[in-house]
Amino acid sequence: MTPWAAVPGDLTGATRAQVMRMLTVEGLVVAVIGVLLGTAAAATMLVPFAHAAADSWMPSGPLWIYGAVVGAAVTLVLSATLVPAWRALRVLPVRAARVDS
């Protein structure tokens, strides 16, 4: 079993805390991959532009902007992952599986 990938049998017998922990780790993996790919995509455009505009390979500007964007992305991913999971885990499985006629 991989430490972060959900396999269909991973949720069998898991407690609510274990499910939330697993989803948190998976959300963080998605966020890190997204930040890395987004940084690489932005750098392919910003570095040549910075070299042409300012004759420097480093883009100018405050570094806190990058940190704010990364923080917002991680917050968005975790909230989009954990809030629905938390709400779904509040419902009893028997009540969720019941079919009303």
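Scroll up to find the structure this text is about.
Residues numbered from 1 in each chain as written. Predicted model: local features only at pLDDT ≥ 70, side-chain atom pairs only at ≥ 80, totals over all residues. Heavy atoms only, no water.

A.B. asks: Can you break down the packing of aromatic side chains residue by residue, with the values?
C.D. replies: Counting across every chain of the model gives zero aromatic pairs. Lying over the aromatic face of W86, R90 brings its terminal NZ or CZ to 4.7 Å of the ring centre. (Phe/Tyr/Trp six-rings, centres within 6.5 Å; stacked < 30°, edge-to-face > 60°. Lys NZ or Arg CZ within 6 Å of the ring centre and 35° of its normal.)

A.B. asks: Can you tell me about a nonpolar patch on the surface, naming the residues and giving the values?
C.D. replies: A grouping of W64, I65 and V69 is seen on the molecular surface, where their side chains present a nonpolar patch of about 350 Å² in accessible area. You can see W64 is positioned in helix α2 (residues 63–89). (Patch = residues over 30% accessible without salt bridge, like charges linked within 9 Å, V, L, I, M, F, W, Y side chains within 5 Å. Areas by Shrake-Rupley, 256 points an atom, 1.4 Å probe, with all protein chains shown as cover. Salt bridge = Lys/Arg side-chain N within 4 Å of Asp/Glu carboxyl O. Helix = DSSP H or I, 4+ residues; strand = E, 2+ residues; numbered from the N terminus.)

A.B. asks: An account of the packing of helix α1 (residues 16–54) against α2 is requested, with residue identities and associated values reported.
C.D. replies: In contact at an axis separation of 9 Å, α1 and α2 are set at 150 degrees when each is read in the N-to-C sense. Here α1 lies roughly antiparallel to α2, going by the angle between them. Between α1 and α2 the crossing geometry is right-handed. Here α1 contributes R16, V19, M20, L23, T24, G27, L28, V30, A31, V35 and T39 to the contact with α2, which in turn contributes Y66, V70, V74, V77, L78, T81, L82, A85, W86 and L89. Of the residues that constitute the contact of α1 with α2, the class distribution is 16 nonpolar, four polar and one charged. (Axes fitted to C-alpha atoms, helices over the stretch in contact; angles between N-to-C directions. Parallel < 35°, antiparallel > 145°, perpendicular 65-115°, else oblique. Left-handed = near helix turned anticlockwise from the far one by under 90°. Contact = heavy atoms within 4.5 Å. Nonpolar A, V, L, I, M, F, W, Y, C, P; charged D, E, K, R; others polar.)

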